[in-house]
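Coordinate analysis (summary)
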Amino acid sequence: MANTRTYKSGVKIGNWYENLCLEEDLKRKYLEKRERGELTIQKIDYLKYNILRPVDMTVTNDGFLHFGDSVMLVHVGGGENRYLALNVNTDIHSLITTPVPGIKGPCGVTAGRAQACTRTTFVITSVDGSPEGSPLCYNQSFALKTTGFAAGFFLKSEAKSFQKCAKLSRLQDVYLDSDDSFLTRWKMVYFDPQERFENEGCPVPANVKVLIVHCRTNQALAALSNHVLWTLFGNEYEVTAHTFLDSHKAEEVQNHWLVYAPYPPEREPNPLTNALASADNEEPPTEKEILGAAGRPPPAGQ
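My aim in this report is to walk through the structure given alongside it, one point at a time. (Residues numbered from 1 in each chain as written. Predicted model: local features only at pLDDT ≥ 70, side-chain atom pairs only at ≥ 80, totals over all residues. Heavy atoms only, no water.)

One finds L65, I103 and M188 to be the most contacted residues of the largest nonpolar core, which totals 43 residues. The residues contacting M188, other than those within four sequence positions of it, are L65, L136, Y138, N139, Q140, F142, V204, V210, L211, I212 and V259. In terms of nonpolar packing, the next biggest core, distinct from the first, is built from nine residues, M57, V74, V76 and A85 among them. (Core = buried A, V, L, I, M, F, W, Y, C linked by side-chain atoms within 4.5 Å. Buried < 20%, exposed > 50% of the residue type's maximum accessible area, 1.4 Å probe, protein only. Contact = heavy atoms within 4.5 Å.)

This is the structure we're talking about:
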């Protein structure tokens, strides 16, 4: 009778009491964490709620960029990587609650969905004593500073090394850090290489193609569509500082950016505004649609 049941079904055997205590202890810890808001899902919701909060961007009344403007850096490339914004790439491990809720650095940047929020908004900051509100000129040094929930960080880069380089491409890394130094200096370069010398020192128009070059290493900001990173906000593209040149020594699409700033309602409509509103469509706008009228400054008389 080896298969005969020795005990009734209601009899508890083994370490039943210890297992019961462990289950109650786990439940108690779970309820305590939920009460304090320390559950992973609560942290994710809290981070997304704050960093994806809409931001009112600076309206450009004269069609040019100025120091102190809150803008969005938009990458305009080809293929699927045609319309992307420079994003703050952070996770729940960077969250801080004291003394002020926010995130801690350094943290990375990616190129992803373009929507006007804390994650995609940067402030053009003067580094040479230029007053706030004065126009930004081509080849003039400036810094890009985060705002809102992610405030206090500067877009930074440094020469690549064995220990410091981009995660996937192994090119020059670009990230955000609270340290304001010469490594956080950038400059706008005129898009057409044949007219750069003539436009040096001229004000930079908003919503036109430019190159964003790192002053220390002279490498241009680039978004790489062939290097995909998984983030808390979905799959996004790696951002590095590297100048990609074609056979004519002209910068390739990886280095093509424009600085988005909305026009006032009474001015000529900005095609980029409509493109941003349709960013969730299944078929995103093409480069020609985005830059159809944004590839030039608005008429001065309007």
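Turning our eyes to something else, we now look at the pairing of strand β5 (residues 107-112). Taking burial as the measure, the six residues of β5 include five buried ones, the bulk of the element. As defined by bridge partners, strand β2 (residues 84-89) adjoins β5 across five bridges and the pair is classed as antiparallel. Bridge pairing in β5 places N87 opposite T110. Across two bridges, β5 lies against strand β9 (residues 174-177) in antiparallel orientation. Bridge assignment links C107 to a residue of β9, and that residue is L176. (Helix = DSSP H or I, 4+ residues; strand = E, 2+ residues; numbered from the N terminus. Pairing = 2+ DSSP bridges.)

In this section: the side chain of S130. Turning to its location among the elements, S130 is positioned in the loop between β6 (121-126) and β7 (142-146). A polar contact of 3.1 Å, which involves the side chain of S130, links it to the side chain of Q140. Residues contacting S130, with those up to four places away along its chain left out, are F67 and Q140. (Polar contact = N/O pair within 3.5 Å; in protein donor to acceptor, adjacent residues only side chain to side chain.)

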